[in-house]
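Tertiary structure, described
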Amino acid sequence: MPVAVVVGMQWGDEGKGKIIDLFAENVDVVARYQGGHNAGHTICFDEKEFVLHLIPSGIFHEGKLCVIGNGVVVDPMALADEMRQLEAVDIDLEGRLVISDRANIIMPYHGVSDQGREKENGKFQKIGTTGRGIGPSYADKIARIGIRTCDLRDEKYLRSRLEANYEEKSQVLKSLYGQQLPGFDGLFNDLMVFREVILKYLVDTQVLMNKLISQNKKILCEGAQGTMLDVDHGTYPFVTSSNSSSGGACTGLAIPPTKIDRVLGVVKAYTTRVGEGPFPTELLDADGEQLGKVGHEFGATTGRQRRCGWFDAVVARYAIQINGIDALILTKIDVLDGFKTIKVCTGYKFEGTVYSDMPADPKILENCEPVYTEHEGWMEKTAGTKDFDDLPEKAKNYVKYLSDLLETSFLIVSTGPDREDTIQLGPLFADS
Ligand code: GDP
Ligand code: IMO
Ligand code: MG
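Figured I'd write up the structure that's included with this text. A quick note: this is a predicted structure, and the numbers were derived from the prediction, not measured.

1. A few points about the sheet that holds strand S20 (residues 422–424)
Note on sheets: strands pair through backbone hydrogen bonds, and any given pair is parallel or antiparallel. Pairing is mixed in the open sheet, where 10 strands are placed in the order S9-S7-S5-S2-S10-S1-S11-S15-S19-S20. At either margin of the open sheet sits one strand with a lone partner, and together these are strand S9 (202–203) and S20. Alignment of strand S7 (residues 97–100) against S9, held across 2 bridges, turns out to be parallel. If you follow Ile 99 over to S9, its bridge partner there is Leu 202. Across the face of the sheet, helix H1 (residues 16–24) comes into contact with strand S1 (3–8), strand S2 (29–32), strand S10 (219–222), strand S11 (262–268), strand S15 (327–331), strand S19 (410–414) and S20 while running at roughly 115° to S19.

Okay, structure coming up:
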């Protein structure tokens, strides 16, 4: 059962794109299971950098099948843009990309509503979303009024689905956000244009995934966002609107839980977060600035500055439990090269109690004081190191400390953005 899931263990941007691209070489299929173009997965090789938002991070490896699962919300414009960008660098998507015919479509009114809600500060809780319409689109999915990719196959049915939404959406947008929805015909025509682009990629991915599994193909499920942004397990309400943790791979790709063989967690050597919400180890001082500067911590999707802080073992332990992590992947250790002292948070202190399990209560998360262990920095270069033995002793100790603390071993230590900047300590699957 060579099916592995790669998940982010923090608040996203852990370096999942780099790792999935790296693993893609040794698998047959890479499949996205949730989220949408709120994701920004960066891949660097041959001195080039690509950021993927919707298309799975295996696309740069010839012959690998890339699947967009039913759990993903698909924005037509974003998808078409990304397809064009890839075609411009000679990547032929036909036969390489398939899209579930059960995925929900992000409509223009979802984006307007997302952005409108964020602007109306005071009336609504500002989340700091990417403004891509992700939340409103998933809300419609759950409310059973969403438009799905399979609806594009039948013009009459598609029209009826849009009609069922149009009146309500235009009234809500107008009265709440003072926004005029484009005319019905315009919206419908745009869907008809999208249909021409996408129809040939649509397949029943439930059947496909089942077949691939029965053929013993190696499948890598690509998580977007991170565990702390999961709608159920994250720092609610400051989360995204899908299950980014490993369970999402089952529902978002129709892979039965019994068929998942491995779950790998990607974790940065420190912590970042974009948007609003509690962040116990956030640093608002020179150290935070240094992490942001050296780590180039700007969002790959929105360009927003990422908030930075020390490694949080409460978060990591929680993510190990929620996802059932078998092995860890540590990224961006090189960003710590210039720190004299490095801290790791092992608990949250609040009103005399130290919490080592993730509390649900936002009041605790917002007001707690992190309990830190301190580690002497290595003050040497790890950037670009390819062999664990070549790491400075204190960097090795940092990795070992984290591994002991989390009672989980590391499969990869990443020492730079490029594919080559990688220390691989074991195979993805036991037999590869
Ligand atoms: P993702 O959303 O999890 O795929 O991560 P992003 O692509 O949004 O952000 C990770 C950033 O860190 C990207 O700019 C990557 O190129 C970069 N990156 C990944 N791994 C490393 C690493 O080990 N060291 C450094 N310095 N940068 C890395
Ligand atoms: P990748 O896959 C980091 C954050 C947003 C916001 C919250 C909700 O690149 O790791 P949304 O637009 O999803 O409704 O926003 O989630 N967010 C991410 N942060 N990386 C991501 O994806 C993110 N996708 C969403 O900043 O705080
Ligand atoms: Mg990202």
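2. Structural notes on the site of ligand 1
Lining the immediate surroundings of ligand 1 are 19 residues, of which Lys 16, Gly 17, Thr 42, Asp 334 and Ser 414 lie closest. One of the side-chain N or O atoms of Arg 306 is found 3.1 Å from an oxygen atom in ligand 1. Interatomic distance of 2.9 Å between a backbone N/O atom of Lys 332 and an oxygen atom of ligand 1. With the chains in place, 92% of the 590 Å² that ligand 1 exposes on its own is no longer accessible. Mapping ligand 1 onto the cavity grids shows that it belongs to the second largest pocket. Mapped onto the shell around ligand 1, the elements with two or more residues apiece are H1 and strand S3 (41–45). Among the residues making up the shell around ligand 1, the classes are represented as 4 nonpolar, 8 polar and 7 charged.

3. Focus on the packing of helix H5 (residues 155–177) against helix H6 (residues 184–198)
Between H5 and H6, the least distance of the axes is 11 Å, while the angle of their chain directions is 140°. Comparing the axis directions of H5 and H6 gives the class oblique. Here H5 and H6 pass one another in a crossing that is right-handed. For the pair H5 and H6, contact is made by Glu 155, Leu 158, Arg 159, Leu 162, Glu 163 and Tyr 166 and by Phe 184, Leu 187, Phe 188, Leu 191, Met 192 and Arg 195, respectively.

4. Details of the side chain of Asp 75
Positionally, Asp 75 belongs in the loop between strand S6 (73–74) and helix H2 (76–88). Only 3.0 Å separates the side chain of Asp 75 from the backbone nitrogen of Met 77, close enough to count as a polar contact. Engagement of the side chain of Asp 75 in a polar contact is seen with the backbone nitrogen of Ala 78, the distance being 2.9 Å. For Asp 75, the residues in contact, after removing those within four places along its chain, are His 37, Leu 54 and Ile 106.

5. Regarding the coordination of the magnesium ion (ligand 3)
Asp 13 (OD) and Gly 40 (O) make up the full set of protein donors to the magnesium ion (ligand 3), lying at 2.1 to 2.2 Å. Within this pair, whereas Asp 13 is found in the loop between S1 and H1, its partner Gly 40 is found in the loop between S2 and S3, the two being separated by 27 residues in sequence.

6. Concerning unusual backbone geometry
Across the junction of Tyr 236 and Pro 237, the peptide omega takes the value 5°, indicating a cis bond. With respect to the helices, strands and loops of the structure, Pro 237 is situated in the loop between S10 and helix H8 (247–253). Of note in the backbone geometry, Met 379 takes a positive phi value of approximately 50° without being a glycine. Looking at where Met 379 falls in the secondary structure, it is placed in the loop between strand S18 (369–376) and helix H12 (393–406).

7. Comments concerning helix H4 (residues 134–142)
For H4, the full list of buried residues reads Ile 134, Pro 136, Ser 137, Tyr 138 and Asp 140. Contacts from the buried residues of H4 go to S6, strand S8 (104–105), helix H3 (108–119) and H5. Positive backbone phi, at 70°, marks Arg 144, one or two positions downstream of H4.

8. A short note on the site of ligand 2
In the vicinity of ligand 2, 20 residues are found, and the nearest of them are Asp 13, Lys 16, His 41, Thr 130 and Thr 240. Gln 225 is positioned with one of its backbone polar atoms (N or O) 2.8 Å from an oxygen atom of ligand 2. The protein chains hide 98% of the 550 Å² of surface that ligand 2 would expose on its own. There are two domains that each give the shell around ligand 2 at least three residues, and those are domain 1 (3–101 + 204–424) and domain 2 (104–199).

Basis of the calculations
- Residues numbered from 1 in each chain as written.
- Chains lettered and ligands numbered in written order.
- Predicted model: local features only at pLDDT ≥ 70, side-chain atom pairs only at ≥ 80, totals over all residues.
- Heavy atoms only, no water.
- Pairing = 2+ DSSP bridges.
- Helix = DSSP H or I, 4+ residues; strand = E, 2+ residues; numbered from the N terminus.
- Contact = heavy atoms within 4.5 Å.
- Axes fitted to C-alpha atoms, helices over the stretch in contact; angles between N-to-C directions.
- Near = heavy atom within 4 Å.
- Polar contact = N/O pair within 3.5 Å; in protein donor to acceptor, adjacent residues only side chain to side chain.
- Areas by Shrake-Rupley, 256 points an atom, 1.4 Å probe, with all protein chains shown as cover.
- 1 Å grid on protein atoms, 1.4 Å probe; cavity = no way out; pocket = protein on both sides within 12 Å on 5 of 7 lines; lining within 4 Å.
- Sits in = over half its atoms within 2 Å of the grid points.
- Nonpolar A, V, L, I, M, F, W, Y, C, P; charged D, E, K, R; others polar.
- Parallel < 35°, antiparallel > 145°, perpendicular 65-115°, else oblique.
- Left-handed = near helix turned anticlockwise from the far one by under 90°.
- Donors = N, O, S within 2.8 Å, 3.2 Å for Na, K, Ca; no water.
- Buried < 20%, exposed > 50% of the residue type's maximum accessible area, 1.4 Å probe, protein only.
- Domains from an automatic or database assignment.

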